[in-house]
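Overview (structure and organization)
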Amino acid sequence: LLGGIILVLLAWVFRDGLSSWLNLPEWNGLLPYFALFTILKFEADIFDEMLTAHRSQAFRNMATVGFQALKLTLFILWLPSEGDLPLVGTLERLFTFLIVSNGLYLFAYLGRILGLSRGIEGGGDEALPVKRMARYGILQYATSLTLIALYTDVDTWIISHYQQASVAGVYRIATQIVTALIALVPMHLLLKVIVPVYVKE
């Protein structure tokens, strides 16, 4: 959460430079959405780990399906479908739908977590040392930052800088199609089963 807050502050301090570098004049107006998404994403990841620790994958999967269904319903029913995009207010409406759906998703997680026992079967009762948690968090965060260089997100930023946001959007759609297909590979799905069993053992 602290890392997310730092990212939001950096994005705000360097907002003009980012807007210019990405060829995205809308960036300043999108900053509030960026801040909310960052915080919601961090919190959802924490809740997801808690549900995994309690082996509540069934609830997590049902909540995820509901989250995607809500997003799709909002997009189909209320996004403008006439004329050339982007229409006035379309981008803001799109992000509002995403915040509503992500917020409800987070509350669904929270409702389930509040009903769980704080004690996990096989776990100890003594508190984890702050130093140990901080060390683990820093290493995990450093790993995530390193992996970002391998993701298509960086490509999208570079394309947006040298071309324009619409070209980056076309590239993003193409890569997301591939990513979606990879997610259907059986081994990718089995990881959701293997990791909780490994943690339990």
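Calculation notes
Residues numbered from 1 in each chain as written. Predicted model: local features only at pLDDT ≥ 70, side-chain atom pairs only at ≥ 80, totals over all residues. Heavy atoms only, no water. Salt bridge = Lys/Arg side-chain N within 4 Å of Asp/Glu carboxyl O. Helix = DSSP H or I, 4+ residues; strand = E, 2+ residues; numbered from the N terminus. Axes fitted to C-alpha atoms, helices over the stretch in contact; angles between N-to-C directions. Parallel < 35°, antiparallel > 145°, perpendicular 65-115°, else oblique. Left-handed = near helix turned anticlockwise from the far one by under 90°. Contact = heavy atoms within 4.5 Å. Buried < 20%, exposed > 50% of the residue type's maximum accessible area, 1.4 Å probe, protein only. Expected span 1.5 Å × (residues − 1). Arc of directions from axis to C-beta. pLDDT = per-residue confidence, 0-100. Phe/Tyr/Trp six-rings, centres within 6.5 Å; stacked < 30°, edge-to-face > 60°.

1. Concerning the pattern of salt bridges
If you walk through the whole model with that rule in mind, you get three salt bridges. The partner of Asp45 in a salt bridge is Lys41, and the shortest N-O contact between them spans 3.5 Å. With Asp45 and Lys41 both in helix α3 (residues 27–53) and four residues apart, the pair spans about one turn of that helix.

2. Things to note about the packing of helix α7 (residues 152–162) against helix α8 (residues 165–183)
As a packed pair, α7 and α8 sit with axes 8 Å apart at the nearest point and diverge in direction by 160 degrees. Between α7 and α8, the angle is such that the two are roughly antiparallel. As for the relative orientation of α7 and α8, their crossing is right-handed in sense. In contact with Thr152, Asp153, Asp155, Thr156, Ile159 and Ser160 of α7, α8 contributes Ala165, Val167, Ala168, Tyr171, Arg172 and Thr175.

3. Observations concerning the side chain of Ser56
Checked against the element boundaries, Ser56 lands in the loop between α3 and α4 (57–78). Note on Ser56: relative accessible area 6%, which makes it buried. Setting aside residues up to four positions removed in sequence, Ser56 forms contacts with Leu51, Arg112 and Leu116.

4. With respect to helix α1 (residues 2–13)
An ideal rise of 1.5 Å per residue puts 16 Å on twelve residues; α1 measures up with 17 Å between its terminal C-alpha atoms. Those residues of α1 not exposed but buried are Gly3, Gly4, Val8 and Ala11. All buried residues of α1 fall inside an arc of 140 degrees around its axis, so they share one side. Seen from the open side of α1, the exposed residues pointing more than 90 degrees away from its buried face are Leu2, Leu9 and Val13.

5. Structural notes on the environment of Tyr136
With respect to the helices and strands, the residue Tyr136 is situated in helix α6 (residues 130–148). Along the primary structure Tyr136 and Tyr171 are separated by 35 residues, whereas in three dimensions their C-alpha atoms are 35 Å apart.

6. Observations regarding the confidence of the model for the chain
Looking at the chain, the pLDDT average stands at 84 and 92% of residues meet or exceed 70. Mean pLDDT values for the elements of the chain range from 80 in helix α9 (residues 186–200) up to 93 in helix α2 (residues 15–21).

7. Let's talk about the side chain of Thr38
As for its placement among the helices and strands, Thr38 is situated in helix α3. Here Thr38 is in contact with Gly4 and Val8, once residues within four sequence places are set aside.

8. As for the packing of aromatic side chains
For any pair of aromatic rings, the description consists of the separation of the ring centres together with the inter-plane angle of the planes. Counted according to the given criterion, the structure contains six aromatic pairs. Judged by centre distance (4.5 Å) and plane angle (15 degrees), the ring pair of Phe67 and Tyr105 falls under stacked. In this pair, Phe67 sits in helix α4 while Tyr105 sits in helix α5 (residues 90–114), placing the two residues 38 residues apart along the sequence. By the burial criterion, Phe67 is buried, and Tyr105 matches it. With 4.7 Å between their ring centres and 45 degrees between their planes, Tyr105 and Tyr109 make a pair best called tilted. On the criterion of helical spacing, the pair formed by Tyr105 and Tyr109 is a turn pair, its members being four residues apart in helix α5. When sorted by exposure, Tyr105 lands in the same class as Tyr109, which is buried.

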